[in-house]
Amino acid sequence: MLLTRHSFISGLATIALLAGNLTFAADDTIKRIMVYGDSNTWGYIPVESGPTTRYSADVRWPGVMETELGSEYEVIEEGLSARTTDVADPSLPHISGAGLDGSAYLSSAIATHQPLDLVVIMLGTNDVKDMFDRSPFRISLGIGKLIDIVKQTGGGVGTSYPAPNVLILSPPPLGNVAPEGRAERFAGGVEKTEALPPLYEAISDAAGAEFYDVGTVATTDGIDGVHFTPETHSAIGVGVTEKVISILE
């Protein structure tokens, strides 16, 4: 039989379509998790002062978690340095759009990455900065707002996906914050971060979200007292893995 150019192209299109359907079917079995956080999710390498870079994907705790979970899971990182729960940060005006307000971008992030089985949120460290004058209770209300956003976003834009589950992580308390300028920005922050876990747990219970206290497996051990060493990223990734499995399996 003579194979014409038209029939050859049609055949390739059919094969591509079938392959696409098979890929979709395979991907549909993978559990998808979005991690939403600040610089400690982004992978900020702690330095005493000055600019820095980020850890590689396999060192950052979401990457550690993905490795621990295995091939049936996909972990999507949405980390942004200086991100808060739900307050705008006027000190970085060049970060436009939603800026550093976690509540302003969360619904867009969810819609972007749907379908999602779970949204993991670890925020609150930046909320303790002195310029925001926020109490631990007020910060926990910000976390409650984020839980509500996840539940209200649902399928996103024009899709029928259900709202994902929510896991709230309380960050470990701040360490010895340095140098002096950073210590001034985070004045009173150690005590505030120490007070967050029971408040986060209460707000999570009330809002129907899962909760995990990261401070039970890790400390803030970076030289700046705000960020994590690779060892801490590893401990968090392993610890959160166990909680995620208990939720999704």
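See the structure printed just above.
Scope of this entry: the structure provided in the associated data block. The structure presented is a predicted model; accordingly, all values stated were derived computationally and were not measured.

Rules used throughout
Residues numbered from 1 in each chain as written. Predicted model: local features only at pLDDT ≥ 70, side-chain atom pairs only at ≥ 80, totals over all residues. Heavy atoms only, no water. Salt bridge = Lys/Arg side-chain N within 4 Å of Asp/Glu carboxyl O. Helix = DSSP H or I, 4+ residues; strand = E, 2+ residues; numbered from the N terminus. Buried < 20%, exposed > 50% of the residue type's maximum accessible area, 1.4 Å probe, protein only. Polar contact = N/O pair within 3.5 Å; in protein donor to acceptor, adjacent residues only side chain to side chain. Contact = heavy atoms within 4.5 Å. Axes fitted to C-alpha atoms, helices over the stretch in contact; angles between N-to-C directions. Parallel < 35°, antiparallel > 145°, perpendicular 65-115°, else oblique. Left-handed = near helix turned anticlockwise from the far one by under 90°. Nonpolar A, V, L, I, M, F, W, Y, C, P; charged D, E, K, R; others polar.

Here we look at the pattern of salt bridges
Now for step 1: Applying the stated criterion to the full structure yields 7 salt bridges.
Now for step 2: Between Lys 243 and Glu 210 there is a salt bridge, and its shortest N-O distance comes to 3.4 Å. One end of the pair, Lys 243, is in helix 8 (residues 230-248); the other, Glu 210, is in strand 5 (residues 210-213), with 33 residues separating them in the sequence.
Now for step 3: Given the relative accessible area of 35%, Glu 210 is considered partly exposed.

Considerations on the side chain of Glu 78
Now for step 1: Assignment of secondary structure puts Glu 78 in strand 2 (residues 73-79).
Now for step 2: For Glu 78, the side chain forms a polar contact with the side chain of His 113, separated by 2.9 Å.
Now for step 3: The residues contacting Glu 78, other than those within four sequence positions of it, are Met 34, Val 35, Tyr 36, Gly 37, Arg 83, Tyr 105, Ala 109 and His 113.

Things to note about the packing of helix 4 (residues 102-113) against helix 5 (residues 136-153)
Helix-helix packing: each pair is described by the crossing angle between the helix axes and the interaxial distance.
Now for step 1: Orientation of helix 4 relative to helix 5, taken along the N-to-C sense of each, is 25°, at an axis distance of 10 Å. Accordingly, the angle class assigned to the pair helix 4 and helix 5 is roughly parallel. Between helix 4 and helix 5 lies a crossing of right-handed hand. In this structure, helix 4 uses Gly 102, Ser 103, Leu 106, Ser 107 and Ile 110 to contact helix 5, whose residues at the interface are Lys 145, Leu 146, Ile 149, Val 150 and Thr 153.
Now for step 2: By residue class, the composition of the contact of helix 4 with helix 5 is 5 nonpolar, 4 polar and 1 charged.

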